Amino acid sequence: MGRITIIGGKTFVLDVPDGTGMVDALNAAGITVGSCGGTGTCGKCRVRLTEGGMDGINTDADGCFLLCRAVARGNATVAAAPGTVFIFTSDNDNDTGSS
């Protein structure tokens, strides 16, 4: 089990079992991101890893990747990539409430 911190619009902190796809973890937490349903085509979840690690990521030339395609591995922190419009919305109160 790892703690994943996601910074973008708001800051969300999720406890995610190792090996869980981040799109599944986000959906289970009631967090909606992007418009492609996790297929990796909209680019609205483009992030940069700032701490820790994740599996299944393919970084671009800027060192960024699509969070919806990543797999949890331990503790990690990701932040919105520069120039990315990155807004998480949630139906519940699992976020820290900070921006």
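Higher on the page you've got the structure.
Figured I'd write up the structure that's included with this text. Just so it is clear, the model here is predicted, and its values are computed rather than measured. (Residues numbered from 1 in each chain as written. Predicted model: local features only at pLDDT ≥ 70, side-chain atom pairs only at ≥ 80, totals over all residues. Heavy atoms only, no water.)

## Here's the deal with the sheet that holds strand S6 (residues 71–80)
This is how it is decided: Strand pairing follows a simple DSSP-based rule, namely that at least 2 bridges must link the two strands. Helical segments are the DSSP runs of H or I of at least four residues, strand segments are the runs of E of at least two, and each set is numbered from the N terminus. Fitting a line to C-alpha atoms yields each axis, with helices limited to the stretch in contact; the angle taken between N-to-C directions then spans 0 to 180 degrees.
The mixed open sheet is built from five strands, whose spatial order is S2-S1-S6-S4-S5. Each of the sheet's edge strands pairs with one partner strand only, and the pair in question is strand S2 (10–16) and strand S5 (64–66). The mean inter-strand angle of the sheet, taken between neighbouring strand axes irrespective of direction, is 35 degrees.

## Structural notes on the pairing of strand S1 (residues 2–8)
Rules: A simple rule labels every residue: compare its accessible area, found with a 1.4 Å probe on the protein chains alone, to the largest value its type can have, and call it buried under 20%, exposed over 50%, or partly exposed in between.
Most of S1 is tucked away, with five of its seven residues classed as buried. As judged from the seven bridges shared by S1 and S2, these two strands associate in the antiparallel manner. Each residue of the ladder has a partner; that of Arg-3, found in S2, is Asp-15. Adjacent in sequence and paired antiparallel, S1 and S2 are bridged by one residue, among which Gly-9 carries a positive phi angle near 75 degrees. With four bridges joining them, S1 and S6 adopt parallel strand pairing. If you follow Ile-4 over to S6, its bridge partner there is Ala-76.

## Regarding the pattern of salt bridges
So the rule is basically this: In the sections that follow, a salt bridge refers to a side-chain nitrogen of Lys or Arg positioned within 4 Å of a carboxyl oxygen of Asp or Glu.
Taken as a whole and assessed by the stated rule, the structure comprises four salt bridges. For the salt bridge of Asp-15 with Arg-3, the shortest nitrogen-to-oxygen distance reads 2.9 Å. Of the two residues, Asp-15 sits in strand S2 while Arg-3 sits in strand S1, which places them 12 residues apart along the sequence. Between Arg-46 and Asp-62 there is a salt bridge whose closest N-O contact spans 3.0 Å. You can see Arg-46 sitting in strand S4 (residues 46–55) and its partner Asp-62 sitting in the loop between S4 and S5, a full 16 residues away along the chain. Salt bridges sharing common partners tie together Arg-46, Asp-60 and Asp-62.

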